[in-house]
Amino acid sequence: MASRRHFIKQSSLAAAGTMMIPAFLKAFEAQALSPDDKILVVIQLSGGNDGLNTVIPYRNDIYYRERQTIAIPANDALKISDELALNPAMEKFRRLYNDGLVSIVNSVGYPNPDRSHFRSMDIWHTASNSDEYLTTGWLGRYLDSQCNGICQSHQAIELDDTLSLALKGHNVKALALQDPKKLYQAVHSPVYENIAKYGKPADDSHENVAYLYKTMAETISSADYIYQKSEIKNGYADYPNSALAKRLKTVAELINGGAQTRVYYVSLSGFDTHVRQNQQQTRLLTEYSEAVYAFMQHLKSIGKQQHVAVLTFSEFGRRVAQNASNGTDHGTANCLFLMGASLKKTGVFNPVPDLSNLDNGDLKYQIDFRSIYANLVQDWLKADIAAVLGRNFEPIRLV
């Protein structure tokens, strides 16, 4: 078996060469997504969004007893069933729900949950058990599984300045960027161009040097490609002025441009609502609701709603009872959203959380999040569940 050093060396030399052989890019660009290829967009709500004040059990007395100052009044909540309602900040999201574009999955979690932000997010990113520590993410391993000779990082893109663990594979890592134009301008600075023109790793270079050359070469080639795709506009401009909306607009533009990207990843932070929760959550859910509504309308305008699935998750929910600071503390199971025009079941997917049967004040999970990943891996991205998740999980049929 070839050593890691050998692999990196060969890859780096080949990749460095691409800076001087534009034909390589041309060959890659020819591999555009087919009309039937599906695209996954992941929205991460960082901080532990309070699911009970997002999807509200407005007929449940326990909910109002345990949250006397922060419970959403039934008259204010946006009704979606005889038992559940949405936070009043989610009017635009309710329109998507009423249009049959949303599936709400209640009580999603995993065995032996961890209440640490970092650890729980790692578990969601890697799809590990709570006592496992992995260095690759589930979407990174998906990239590994699809790497057949040409492995390009922009097959998955995170709209951020750092790359989440979820998108790091053994051999392939996704590309993180804030703005395609800024990335393009950065890699075409004199410094980058001189390195690309005159620099290359020596045959006996340390593998870390070779790895840096490989990463730089991939970034340059990806930057050109992504900028080109992002410049193909369709004129849709009805987005709110928010950071999340800007990122989702970039995603929609890349999809419209025909980018060969199967996975996009964006985040919205600030959901750690220990103090004065309602003001903070209202602002964040408004931003989320308005941004995803604009994004779905954009996809509709370019005929892509049926080709895109949007997964929204948070690393954990909050405890059922409020705290003394008009907030909530770290909990366990939470609601999760899936959006798109190809869902197998829309509306509320499973029973509402049982507030009379708690685990030391926390919701018990009904659905393992990896069963949802398994569905997306197998039925949406057309990959092998065990190769991506490390073992077989029984998929629940959302898409």
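Residue indices begin from 1 for each chain and proceed along its sequence in written order. Local features in a predicted model are, by the rule used here, given only for residues with pLDDT of at least 70; side-chain atom pairs are given and counted only at 80 or more, and totals for whole chains, interfaces and linings are based on all residues. Only hydrogens and water are removed before side-chain values are computed, so all heavy atoms of the structure are retained for them.

Notes on the packing of helix α10 (residues 243-256) against helix α11 (residues 277-301)
As a reminder, the rule being used: Convention adopted: a line fitted to C-alpha atoms gives each axis, helices being fitted over their contacting stretch, and angles between N-to-C directions are expressed from 0 to 180 degrees. We count a stretch as a helix when DSSP gives it H or I for four or more residues in a row; a strand needs E for two or more, and each element gets its number in order from the N terminus. Relative orientations are named as follows: roughly parallel for angles under 35 degrees, roughly antiparallel for angles over 145 degrees, roughly perpendicular for angles from 65 to 115 degrees, and oblique for any other angle. Crossing chirality is assigned from the near helix's rotation relative to the far helix, an anticlockwise turn below a right angle marking it left-handed and a clockwise turn marking it right-handed. It only takes one pair of heavy atoms within 4.5 Å for two residues to be counted as in contact. Amino acids are sorted into nonpolar (Ala, Val, Leu, Ile, Met, Phe, Trp, Tyr, Cys and Pro), charged (Asp, Glu, Lys and Arg) and polar (every other residue, Gly among them).
Their axes nearest at 9 Å, the elements α10 and α11 cross at an angle of 15°. Looking at the two axes, α10 sits roughly parallel to α11. Pair α10 / α11 crosses with right-handed handedness. Of the residues in α11, those in contact with Ala 243, Leu 244, Ala 245, Leu 248, Lys 249, Val 251, Ala 252, Glu 253 and Ile 255 of α10 are Glu 287, Tyr 288, Ala 291, Val 292, Phe 295, His 298 and Leu 299. Considered class by class, the residues forming the contact of α10 with α11 number twelve nonpolar, one polar and three charged.

Side note on the packing of aromatic side chains
Stated precisely, the cut-off is as follows: Between 30 and 60 degrees the pair is tilted, below 30 it is stacked and above 60 it is edge-to-face, where a pair is any two Phe, Tyr or Trp rings, Trp via its six-membered ring, whose centres lie within 6.5 Å. Relative accessibility thresholds used throughout: buried, under 20% of the residue-type maximum; exposed, over 50%; partly exposed, between the two (1.4 Å probe, protein chains only). Two conditions define a charge located above a ring, namely a distance within 6 Å from the ring centre to NZ of Lys or CZ of Arg, and an angle within 35 degrees of the ring normal.
Summed over all chains, the structure comprises twelve aromatic pairs. Between the aromatic rings of Trp 124 and Phe 313, the centroid separation amounts to 5.0 Å while the plane-to-plane angle is 15°, which identifies the pairing as stacked. Of the two residues, Trp 124 is situated in helix α5 (residues 117-126) and Phe 313 in strand β9 (residues 308-314); the sequence distance between them amounts to 189 residues. Of the two residues examined, Trp 124 and Phe 313, each falls in the buried class. Ring plane angle 75° and centroid distance 6.4 Å describe the contact between Trp 124 and Tyr 373, whose orientation is recorded as edge-to-face. With a gap of 249 residues between them, Trp 124 in helix α5 and Tyr 373 in helix α12 (residues 369-380) connect regions that are remote in the sequence. A single burial state applies to Trp 124 and to Tyr 373, both of which are buried. A network of ring pairs unites the aromatic residues Tyr 110, Trp 124, Trp 138, Phe 313, Phe 369 and Tyr 373 as a single cluster. It is Arg 119 that lies over the ring of Tyr 133; its NZ or CZ is 3.8 Å from the centre. One Lys or Arg, Lys 345, reaches over the ring of Phe 349 and ends 5.3 Å from the middle of that ring.

Here we look at unusual backbone geometry
Residues other than glycine seldom take positive phi values, yet Ala 127 does so here, at roughly 65°. Looking at the secondary structure, you find Ala 127 in the loop between α5 and α6 (138-145).

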